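Residue strings, one per chain:
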Amino acid sequence: MRVLVLGGGGREHALCWSIARSPLLTKLWCAPGNAGIAGVAECLGLNPDAPDDVVAFCERESVDLLVIGPEAPLAAGVSDAARAAGIAVFGPSRAAAQLEISKAFTKEICRASGAPTADYATFETPGDAKAYVTEKGAPIVIKADGLAAGKGVVVAETESEALDAIDLIFGGPGGGAVVVEEMLTGEEASFFVLTDGDTILPLAGAQDHKRAHDGDTGPNTGGMGAYSPAPAFTPVIERAVMEKIVAPMLTEMKARGTPYSGVLYVGLMLTAEGPKLIEINARFGDPECQCILPRLETDLLPVLYACAKGTLKDQSLDWKTDSCLTIVMAANGYPGPYERGDPITGLDEAASDPNVTIFHAGTKSQDGGIVANGGRVLGITAMGRNFSDARARAYEAANGVRWETGFFRSDIGWRAL
Ligand code: AMP
Ligand code: GLY
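Residues numbered from 1 in each chain as written. Chains lettered and ligands numbered in written order. Predicted model: local features only at pLDDT ≥ 70, side-chain atom pairs only at ≥ 80, totals over all residues. Heavy atoms only, no water.

Undergrad: Please clarify how the site of ligand 1 should be interpreted in this entry.
TA: Residues in contact with ligand 1 amount to 15 residues; listed here are only the nearest, Glu181, Glu182, Leu184, Glu188 and Glu279. Contacts to ligand 1 include Glu279, whose side-chain N or O atom sits 2.6 Å from an oxygen atom. Contact with the protein chains hides 87% of the accessible area of ligand 1, taken as 480 Å² for the molecule alone. Broken down by secondary-structure element, the contributors of at least two residues to the shell around ligand 1 are strand E7 (140–144), strand E8 (153–156), strand E9 (178–182) and strand E16 (274–281). Taken together, the residues that form the shell around ligand 1 break down as eight nonpolar, no polar and seven charged. (Near = heavy atom within 4 Å. Polar contact = N/O pair within 3.5 Å; in protein donor to acceptor, adjacent residues only side chain to side chain. Areas by Shrake-Rupley, 256 points an atom, 1.4 Å probe, with all protein chains shown as cover. Helix = DSSP H or I, 4+ residues; strand = E, 2+ residues; numbered from the N terminus. Nonpolar A, V, L, I, M, F, W, Y, C, P; charged D, E, K, R; others polar.)

Undergrad: How should the site of ligand 2 be read in this particular structure?
TA: Taken together, the residues surrounding ligand 2 are Asp208, Gly222, Tyr265, Asn281, Arg283, Gly285, Asp286, Pro287 and Glu288. At 2.9 Å, a side-chain N or O of Arg283 approaches an oxygen atom of ligand 2. In this structure, a nitrogen atom belonging to ligand 2 sits 2.8 Å away from a side-chain N or O atom of Glu288. With the chains in place, 89% of the 200 Å² that ligand 2 exposes on its own is no longer accessible. Residue classes in the shell around ligand 2 are distributed as two nonpolar, three polar and four charged.

Undergrad: Is there a simple way to explain the nonpolar core in this structure?
TA: Within soluble globular proteins, side chains that are nonpolar generally end up buried alongside one another. Counting residues in each nonpolar core, the largest one holds 73 residues, and the members touching the most others are Leu4, Leu66, Val266 and Val401. Looking at this core, the element that brings in the most residues is helix H9 (residues 235–255), giving eight residues. The residues contacting Val266, other than those within four sequence positions of it, are Ala189, Ser190, Phe191, Val241, Ile245, Val246, Leu277, Glu279 and Ile280. (Core = buried A, V, L, I, M, F, W, Y, C linked by side-chain atoms within 4.5 Å. Buried < 20%, exposed > 50% of the residue type's maximum accessible area, 1.4 Å probe, protein only. Contact = heavy atoms within 4.5 Å.)

Here you go:
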């Protein structure tokens, strides 16, 4: 099978690493990829967000499966263009990816399907949003409706913080509308399912660490580390999430003529009243993907292909009993401004434990070595017979990486300890 993966982060390295192990694979490309992905796939200069270019490549190279990692190609219409050209695509249509693209849309699907989520209202002008905030009071959560590169959510402790957030959002990139919602309290968890629009195959739960620094302090990031399974995400909670959130929402999407296929990322708050939906993403979480895929015993490639072809009912998943934990190494300054080009060494020694895999995110090859080339740069991932073993192995490996201007949190997994 000839496969093209779009994206170039740790998530895509984990996807390529898994796909590369499949006996069904004959050729793997990744656009744009990174220095780590280049070890398992041929990296391309192709623009992953350009529908015509991606389709032309798939046709020229007889690609059997297109796997879309991040959300940007979905929003740009790449999945739709490829499907229209008869290419098998792992990834939802642009219409179904509205679940990630528009927070107002997701809330509407929750309301229509009865999926538990925070109470909310949507506003198209700052004046109406502010009046609602004044009526409800703080704490309250303000969200940009559109994609805002992770900067679209403010959990406001005070009313004035909420009012400022409304001004900021209407002046920014996701700024057409805001969702104002009730603040939920509890532990957060991410849950992933695969679906072809009909069959739903649960993958696994994980817990991420969104804040940049130890003790969950500092600014929000894309995620600084994750582990799976997550003890707080029990089988009982998983069943409730499948029955009350995932199945009704996917049924609603199908009823609207926009069935969802691919991987569904279900962001949850585990509240005292039960799990409630915080957000949907139309892609794998990153770093969550890095600590879920290594646990999978089953060959991933035919499962992704079945999602694309609508034959997921014939598939099942087997899991290793091990735990897995990923520590993200990021460039000093991330998620703010940071420098690129600093050399990283010691990766082979750090990954000498057979349980350890180092997934690359923002890296590139230069003068025969590896240099940092992004905010989140490496995902140090370790399997272990239990959570503590995985964590110890991951930290030992992370401490072995030599990179002057990188940092990582020293408390990944504190909730599970
Ligand atoms: P989102 O982009 O929707 O994932 O939101 C980013 C982060 O904001 C989440 O991971 C939560 O930590 C927080 N958040 C979002 N919505 C709520 C809510 N209703 N109550 C409390 N925290 C929230
Ligand atoms: N780790 C959070 C995300 O992928 O959005």
